[in-house]
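Here's the letter readout for the chains.
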Amino acid sequence: MTMADVIVIGGGPAGLSAATTAAAHGARVILVDEQAIPGGQLSKQIHKFFGSREHLAGTRGFAIGRRLLEDALAAGVDVRLGRAAYAAYPGTGGEFEVAVYGGDAATGGSRAARLRGRRLIVATGASENPLAFPGWTLPGVMGAGAVQTLVNVHRVRPGRRALMVGSGNVGLIVTYQLLQAGVDVAALVEAMPRIGGYLVHAGKVRRAGVPILLGQTVLEASGDGRVERAVVARLDERGQAVLGSERSFDVDTICLAVGLSPWLELLLILGVRTAYIPALGGHVPLHDRDLQTSVPGLYVAGDVAGVEEASVALEEGRLAGMAAAESLGRGDRVALARAKLEVAARLDGLRGGPFGAARREAKARQVNELSGAPPLSPAAAAGPESVPASRADGRAGIPGRPRPVAVIECYQQIPCNPCETACPRGAITIGSPITNLPKLDVDACTGCGLCLTACPGQAIFLVDRSGETATVTFPYEYLPAPEVGRRVTAVDAEGRPVGEAAVTSARMTRKTNRTWAVTVTVPHAYAGVVRGMLRPRR
Amino acid sequence: MGPEGSKPKTVICRCEDVTVEEIRKLIEKGYQTPDEIKRLSRCGMGQCQGRTCRNLVLQEIGAATGREGKDIPMSTFRPPTKPVKLGLYARARAEHEGGDDR
Ligand SMILES: Cc1cc2nc3c(=O)[nH]c(=O)nc-3n(C[C@H](O)[C@H](O)[C@H](O)COP(=O)(O)OP(=O)(O)OC[C@H]3O[C@@H](n4cnc5c(N)ncnc54)[C@H](O)[C@@H]3O)c2cc1C
Ligand code: SF4
Ligand code: SF4
């Protein structure tokens, strides 16, 4: 039987960074993941991530997963992919036993093994929440994760016309990816009266003309053997469907993106204490500042410790890896103490702003409850609040200025800063905390457009009002490729057509990583209005 | 949205084919913890081991009793947490003794 210092279950950002960190501090580490592809959720993400450069933001998700695997291998982690942990037991001497099992491509059979480790880090991520309604078991109703596996991993179109349910970041991002894959999205419905995810992500699907129906939900799916129709209705304050408000959409796909819950099974088998904290996805394991659970030697990191983001998962992984190594007497105590503090500070930064505040408090409660301190204010129990849009629509660049200038339409305090790092002139400032809004020094901006393609929210545009007609440059990620000289239908931020415009430039370089910067000419009066174009039919 | 919107004849546990109607009847009869409902209806005892229906059952209990998530106990979990072949358990000893694989 294999004996390791640390066993890590889960090879997403949390597990990989935990394993790499523990190994870097001298621990012998084995990591198992049931998937053959590393990176967890990241392996299915084709969009540029938000977050900070330290967390590889601006990089596309799957590429982050690969980078993290390389780091783990380089640090000497024994990575075993295609291996599911199906059981975990406390060993007799305070260690842990993990039973793993997986298919064997070479023999077509399957192999089992039992691993033993002195410390165990569980980083199993989260699973998707279901939504039950009549017809939800028809083929064609699927979770956002399944849609992503089909579209982004296997390049299979799940259908022709889809209805998206849920406006969190997952629903918004997957809607965008469906559009990129050539699927019509009839509408996005959201039961709450406000958009759950970041407005910059909502902006991308709005610009494509997808209506976001707030305070509405899917009541029923029907069809002959598969989804052909979805009935959507408005909800009253008590969450009841309003009679007579039903509307039918002809769709063959209904995609559910109604939240995630931590994947606790293995932790529950090992007997960890949990708390119910809706802001973190429901039942979550209690843990201390070092991410150690109520079971000594058992650590958690990432979405399983509370559903947050990849950047948080990376930092928590580092913390758990350091703490596990430290508890084994590895690494330099002083250096570890300093490094742990730095991670804690970065985690605070990531949990700033109106989106992060509820999570920050919830996290504190999670830690305090374990140490017996009284729980914090009940505000933490509520879900994250989204701030209403304070759109300064129609900001129009600068008339008479001899060159284009960046226009940043990012109005929510989200943990994101690739625009700041992308600007070679230092014209964009976010500073600390990372949730600050970007500030543009108009005089320093040369209009180079580097920030425009770096921004994962596609919230930056270039407006040039120096000529006889104005030009607007916007990011674009759809096929067919934009063509210079072509006349296109320009749209506003809501995806409403505003008129015809000519494409005068369409640039994509290795640096822009598959994002085009498309420039169209428009009348001056429209410079603050045009924010994209309709996708030409093939 | 809460489960109020889901009309009867909605399947909640697809592995064991349990409908929301059956769950609601059990709750009415006073079985108001996930473990009781699981044992009586097999809801959550199929292939996926409750991965899908677990939250739905919690919602149903919450809606019927007015209890909040924090006040509803979770069901007990036992290995295996993933579907594995029976032979694995049958051969367990032999495999596990020399069974360090890659
Ligand atoms: C559509 C979408 C878009 C997102 N966009 C962003 C973004 O732009 N920026 C950002 O910061 N975050 C984003 N996120 C969130 C981010 O992906 C997650 O927060 C992050 O991946 C969590 O990392 P993790 O390591 O905790 O879990 P995961 O990434 O979920 O990894 C868990 C891993 O554990 C494995 N596993 C689970 N159980 C077992 C078992 N029993 N045995 C073996 N292996 C097991 C799984 O196979 C998986 O690989 C997005 C998420 C989604 C769904
Ligand atoms: S356009 Fe260029 S100079 Fe201006 S803010 Fe963006 S990156 Fe900086
Ligand atoms: S403008 Fe800056 S902070 Fe806002 S989404 Fe874009 S890169 Fe992130």
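**Focus: the domain arrangement of chain A**
Residues and elements named next belong to chain A. Under the domain assignment, chain A is made up of domain 1 (3-127 + 261-371), domain 2 (141-258) and domain 3 (392-533). Taken together, the contact pairs 14 residues of domain 2 with 18 residues of domain 3. Summed over both sides, the interface between domain 2 and domain 3 buries roughly 1300 Å², with carbon and sulfur atoms accounting for 51% of that surface. Looking at the side of domain 2 facing domain 3, the largest losses of area belong to Y198, V200 and R207, adding up to 48% of the total buried there. Linking domain 2 with domain 3 are one salt bridge. Salt-bridge contacts for R206 lead to E494; the nearest nitrogen and oxygen are separated by 3.4 Å. Here domain 2 is connected to domain 3 by eight residue pairs in polar contact (both at pLDDT 80 or more). Contributing elements (two or more residues each) for the side of domain 2 that touches domain 3: α4 (169-180) and α5 (199-207). Take the side of domain 2 that touches domain 3: its biggest share by element is seven residues, from α5. Taken together, the residues of the side of domain 2 that touches domain 3 break down into six nonpolar, five polar and three charged.

**Concerning the site of ligand 1**
Around ligand 1 lies a shell of 35 residues, among which A14(A), D33(A), Q41(A), A85(A) and D303(A) are the nearest. With respect to ligand 1, the chains having nearby residues are chains A and B. One of the backbone N or O atoms of P13(A) is found 3.2 Å from an oxygen atom in ligand 1. Within the backbone of A85(A), an N or O atom sits 2.8 Å from a nitrogen atom of ligand 1. Protein coverage of the free-state accessible area of ligand 1, which is 1000 Å², stands at 95%.

**Let's talk about empty space enclosed by the protein**
Residue and element names in this part refer to chain A. Applying the stated rule across the entire model yields eight cavities of 30 Å³ or more. Each pocket or cavity is described by its volume, and for the second largest cavity that value is around 110 Å³. Along the wall of the second largest cavity there are 16 residues; nearest its centre are C410, C416, C419, P438 and C455.

**Here we look at the interface of chain B and chain A**
The interface is formed by 36 residues belonging to chain B together with 45 residues belonging to chain A. Together chain B and chain A conceal approximately 3800 Å² of surface at their shared face, both sides included; 56% is due to carbon and sulfur atoms. Taken together, the connections running from chain B to chain A amount to three salt bridges. A salt bridge links R51(B) to E265(A); the nearest nitrogen and oxygen atoms lie 3.3 Å apart. The tally of links between chain B and chain A comes to six residue pairs in polar contact (both at pLDDT 80 or more). Of all the secondary-structure elements, those providing two or more residues to the side of chain B that touches chain A are β1 (11-13), α3 (53-65), α4 (86-90) and α5 (92-98) of chain B.

Rules of the game
- Residues numbered from 1 in each chain as written.
- Chains lettered and ligands numbered in written order.
- Predicted model: local features only at pLDDT ≥ 70, side-chain atom pairs only at ≥ 80, totals over all residues.
- Heavy atoms only, no water.
- Domains from an automatic or database assignment.
- Contact = heavy atoms within 4.5 Å.
- Buried area = accessible area lost by both parts, 1.4 Å probe.
- Salt bridge = Lys/Arg side-chain N within 4 Å of Asp/Glu carboxyl O.
- Polar contact = N/O pair within 3.5 Å; in protein donor to acceptor, adjacent residues only side chain to side chain.
- Helix = DSSP H or I, 4+ residues; strand = E, 2+ residues; numbered from the N terminus.
- Nonpolar A, V, L, I, M, F, W, Y, C, P; charged D, E, K, R; others polar.
- Near = heavy atom within 4 Å.
- Areas by Shrake-Rupley, 256 points an atom, 1.4 Å probe, with all protein chains shown as cover.
- 1 Å grid on protein atoms, 1.4 Å probe; cavity = no way out; pocket = protein on both sides within 12 Å on 5 of 7 lines; lining within 4 Å.
- Points joined across faces, edges and corners; volume = space filled by probe spheres on them.

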